[in-house]
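Topology and contacts: notes
For reference, the chains in residue letters:
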Amino acid sequence: MSFIWKSPQSIEELTERAENTMGQHLDMEFIELGDNYLKMKMPVTAKTKQPMGLLHGGATAALAETIGSVSAVMCVDAVKESIVGLELNINHLRAMKDGFVIATCKPFHLGRTTHVWNIEIKDEKDRMVSVARLTTMVIKKH
């Protein structure tokens, strides 16, 4: 797949836009932007764990929703269009107690009115932790 971004932003710009959001609260960090993918990482800490000491599925879902939504926004004309989430599904495959999870987001489908995003979330040893699919809708600004 070739270059997909219609409204690309630098890692620094993405980080600045994430100030005072859930992503910042959970210490998510944009780490890489390629021609057809975006990567983020999130630490497994007290902020992102459930009471049994494992990475919380909701924190993982928040990471998936964040990276997918940001990717979708960069694939539209930000002056004329915006993005809303329609559906997120996620499968948790491996428990995490510490370290970082790294999310990589790539498109399955970039249509005129909908996008479908694949988000793979792996540990630092490149083992799959979760896999998610996010569907977003492109809406016209008035």
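As a reminder, the structure under discussion sits directly above these lines.
Read on for an overview of the structure.

What counts and what doesn't
- Numbers given to residues run from 1 along each chain, matching the order in which its sequence is written.
- Two thresholds apply to this predicted model, a pLDDT of at least 70 for residue-level local features and 80 or more for giving and counting side-chain atom pairs, whereas whole-chain, interface and lining totals are computed over all residues.
- Only heavy atoms go into the side-chain values, all of them from the structure, while hydrogens and water stay out.
- Going along the chain from the N terminus, every DSSP run of H or I of four or more residues is numbered as a helix, and every run of E of two or more is numbered as a strand.
- Only residues whose relative accessible area exceeds 30% and that take part in no salt bridge are eligible for patches, with like-charged residues grouped when within 9 Å of each other and nonpolar side chains (Val, Leu, Ile, Met, Phe, Trp, Tyr) grouped when within 5 Å.
- Throughout, the Shrake-Rupley method with a 1.4 Å probe supplies accessible areas, and for residues the shown protein chains are the sole cover considered.
- Put simply, a salt bridge is a Lys or Arg side-chain nitrogen that is within 4 Å of an Asp or Glu carboxyl oxygen.
- Asp and Glu are treated as the negative residues and Lys and Arg as the positive ones, with His and the ends of the chain left uncounted.
- Where a charge sits is defined by one atom per residue type, namely NZ (Lys), CZ (Arg), CG (Asp) or CD (Glu).
- Relative accessibility under 20% of the residue-type maximum defines a buried residue, over 50% an exposed one, and the middle range a partly exposed one, all with a 1.4 Å probe and only protein chains included.
- What we call a nonpolar core is a set of buried Ala, Val, Leu, Ile, Met, Phe, Trp, Tyr and Cys residues that are connected through their side-chain atoms within 4.5 Å.
- Between two residues, a contact is recorded if the distance between any of their heavy atoms is within 4.5 Å.
- Aromatic rings from Phe, Tyr and Trp, taking only the six-membered ring of Trp, are treated as a pair when their centres fall within 6.5 Å; an angle between ring planes under 30 degrees marks them as stacked, one over 60 as edge-to-face, and anything in between as tilted.
- We call a charge positioned over a ring when the NZ of a Lys or the CZ of an Arg lies within 6 Å of the ring centre and within 35 degrees of the ring normal.
- Only strands that DSSP links by at least two bridges are regarded as paired with each other.

Bringing unusual backbone geometry into the picture now. In this structure, aspartate 27 is a non-glycine residue whose phi angle is positive, near 65°. If you trace the backbone, aspartate 27 turns up in the loop between α2 (22-25) and β1 (29-33). The phi torsion at aspartate 126 lies on the positive side, around 65°, for a residue other than glycine. Along the chain, aspartate 126 turns up in the loop between β5 (114-123) and β6 (128-140).

Where like charges cluster on the molecular surface, the negative patch consists of Glu12, Glu13, Glu16 and Glu19. Within the secondary structure layout, glutamate 16 lies in helix α1 (residues 11-17). Judged by relative accessible area, glutamate 16 falls into the exposed class, the value being 57%.

To continue, consider the nonpolar core. With 34 residues, the main nonpolar core has Met42, Leu55, Leu63, Val101, Trp117, Ile119 and Ile121 as its most contacted residues. Those elements that place two or more of their residues in this core are β2 (38-43), α3 (57-74), β4 (100-110), β5 and β6. Of the residues forming this core, the biggest block, eight residues, is contributed by α3. Excluding its chain neighbours within four sequence positions, the residues that come into contact with valine 101 are Met40, Lys41, Met42, Val44, Leu55, Leu63, Met96, Ile121, Lys122 and Val129.

All right, on to a nonpolar patch on the surface then. A contiguous nonpolar patch, built from Val84, Leu86, Met137 and Ile139 and spanning about 280 Å² of accessible area, is present on the exposed surface. Every element with two or more residues in the nonpolar patch is listed here: β3 (81-92) and β6. Its place among the elements puts isoleucine 139 in strand β6. What makes isoleucine 139 partly exposed here is its relative accessible area of 31%.

The subject of this paragraph is the packing of aromatic side chains. Summed over the entire model, instances satisfying the criterion amount to zero aromatic pairs. Between the NZ or CZ atom of lysine 41 and the centre of the ring of phenylalanine 100, over which it lies, the distance is 4.5 Å.

What follows is about the pairing of β6. With eleven bridges joining them, β3 and β6 adopt antiparallel strand pairing. When the sheet's bridge partners are listed, histidine 92 is paired in β6 with serine 130. With nine bridges joining them, β5 and β6 adopt antiparallel strand pairing. Counterpart to asparagine 118 in the pairing with β6 is arginine 133. As consecutive antiparallel partners, β5 and β6 are separated by four residues, and within that stretch aspartate 126 has a phi angle of approximately 65°, a positive value.

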